[in-house]
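The chain contents come next:
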Amino acid sequence: MLVGRVVQIDDLGRAGGENLLQVRTHAGMAGRLHLGARVRELELEHEATSYAMALIEDIARDKHARIAPKLASRASQYLAQITAGRHSDVLISRDLTISVRIPQTNRMNEAPEKTLSKGTVDQLYLALRLALVQSVSEVGEPVPMLLDDPFANYDDGRLARTMNLISDIAKVNQVLLFTCREDVARAAESVNAPIIRL
């Protein structure tokens, strides 16, 4: 009897091993199936992401093609007004590089911050901000502007012309100008801007 039970136990052990092997084989196949499904899912996600990126780039190029010339034109007008015509040609490239025509050479300069005075560079960037605010305001509600002492490097003539420009823009857009400089306050008063002293 004892020998018979040992044989039965041995047979059970073999059967259990075969069952374990079958379970492991099924688990391996299921794991490979799950892994294959996950790879396919990631491939689809990659395709969708690539498509979305291409679509966003196309839209950005289209928007840039429509907006950049208008923005550059308006910024050119504002810069010409601020500088009394000394600088009057601004270009915004496809990669958003800003160029300005240098009057002495009549060439476009792609690095104005390296060749122009600090004051002229500040005036260029203010002209671009004003142009952007005007462009955004055309398609919706007028956008308010907050300016915190942007005139540190302006001479008196350019400060006066800039204040006239801001006064014109303030007819449509609310402009809040913060300054600690008395000359800026006087220039604001000269265009009848309300002054609040703190």
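Residues numbered from 1 in each chain as written. Predicted model: local features only at pLDDT ≥ 70, side-chain atom pairs only at ≥ 80, totals over all residues. Heavy atoms only, no water.

### Description of the sheet that holds strand E3 (residues 107-109)
Item 1. Ordered in space as E1-E2-E3, the three strands form an open sheet in which the pairing is antiparallel. At either margin of the open sheet sits one strand with a lone partner, and together these are strand E1 (90-92) and E3. Mean inter-strand twist for the sheet, computed between neighbouring axes without regard to direction, equals 30 degrees.
Item 2. Sheet analysis places strand E2 (residues 98-102) next to E3, joined by three bridges and oriented antiparallel. Opposite Arg101, over in E3, you have Met108 as the bridge partner. (Pairing = 2+ DSSP bridges. Helix = DSSP H or I, 4+ residues; strand = E, 2+ residues; numbered from the N terminus. Axes fitted to C-alpha atoms, helices over the stretch in contact; angles between N-to-C directions.)

### So, a nonpolar patch on the surface
Item 1. A contiguous nonpolar surface patch, about 320 Å² in accessible area, is contributed by Tyr51, Leu55 and Ile59.
Item 2. Looking at the element boundaries, Ile59 is found in helix H1 (residues 2-82).
Item 3. We classify Ile59 as partly exposed; its relative accessible area is 45%. (Patch = residues over 30% accessible without salt bridge, like charges linked within 9 Å, V, L, I, M, F, W, Y side chains within 5 Å. Areas by Shrake-Rupley, 256 points an atom, 1.4 Å probe, with all protein chains shown as cover. Salt bridge = Lys/Arg side-chain N within 4 Å of Asp/Glu carboxyl O. Buried < 20%, exposed > 50% of the residue type's maximum accessible area, 1.4 Å probe, protein only.)

### Brief notes about the nonpolar core
Among soluble globular proteins, nonpolar side chains are generally buried collectively.
Item 1. With 33 residues, the main nonpolar core has Tyr78, Val90, Leu130, Phe151, Leu159 and Met163 as its most contacted residues.
Item 2. Within the residue set of this core, elements represented by two or more residues are H1, E1, E2, helix H3 (118-138), strand E4 (145-148), helix H4 (156-169) and helix H5 (182-190).
Item 3. Those residues within four positions of Phe151 in sequence are excluded, and the remaining contacts are Leu126, Leu159, Thr162, Met163, Ile166, Leu177, Arg181 and Val184. (Core = buried A, V, L, I, M, F, W, Y, C linked by side-chain atoms within 4.5 Å. Contact = heavy atoms within 4.5 Å.)

### Focus: the layout of surface pockets
Item 1. Roughly 760 Å³ of volume is contained in the largest pocket.
Item 2. The wall of the largest pocket is formed by 25 residues, among which Leu177, Phe178, Pro194, Ile195 and Ile196 lie closest to the centre.
Item 3. Among the elements of the structure, H4, strand E5 (175-178) and H5 are those that each provide at least two residues to the lining of the largest pocket.
Item 4. Classifying every residue of the lining of the largest pocket gives 17 nonpolar, five polar and three charged.
Item 5. Roughly 290 Å³ of internal volume is contained in the second largest pocket.
Item 6. Lining the second largest pocket are 15 residues, with Ile67, Ala68, Leu71, Leu132 and Ser135 sitting closest to its centre.
Item 7. When residues of the lining of the second largest pocket are traced back to their parent elements, those giving at least two are H1 and H3.
Item 8. Take the lining of the second largest pocket: its biggest share by element is six residues, from H1. (1 Å grid on protein atoms, 1.4 Å probe; cavity = no way out; pocket = protein on both sides within 12 Å on 5 of 7 lines; lining within 4 Å. Points joined across faces, edges and corners; volume = space filled by probe spheres on them. Nonpolar A, V, L, I, M, F, W, Y, C, P; charged D, E, K, R; others polar.)

### Section: the packing of H3 against H4
Between two packed helices, what matters for the description is the angle formed by their axes and the separation of those axes.
Item 1. Viewed as axis vectors pointing N to C, H3 and H4 meet at an angle of 5 degrees, and their least axial separation amounts to 12 Å. When the axes of H3 and H4 are compared, the pair comes out roughly parallel. Residues Thr120, Gln123, Leu126, Leu130 and Gln134 of H3 pack against Arg158, Thr162, Leu165 and Ile169 of H4.
Item 2. Among the residues making up the contact of H3 with H4, the classes are represented as four nonpolar, four polar and one charged. (Parallel < 35°, antiparallel > 145°, perpendicular 65-115°, else oblique.)

### What about the packing of aromatic side chains?
Item 1. If you walk through the whole model with that rule in mind, you get one aromatic pair.
Item 2. For the pair Phe151 and Tyr154, a centre-to-centre distance of 5.0 Å together with 70 degrees between the ring planes defines the contact as edge-to-face.
Item 3. Residue classification places Phe151 among the buried residues on the basis of a relative accessible area of 0%. (Phe/Tyr/Trp six-rings, centres within 6.5 Å; stacked < 30°, edge-to-face > 60°.)

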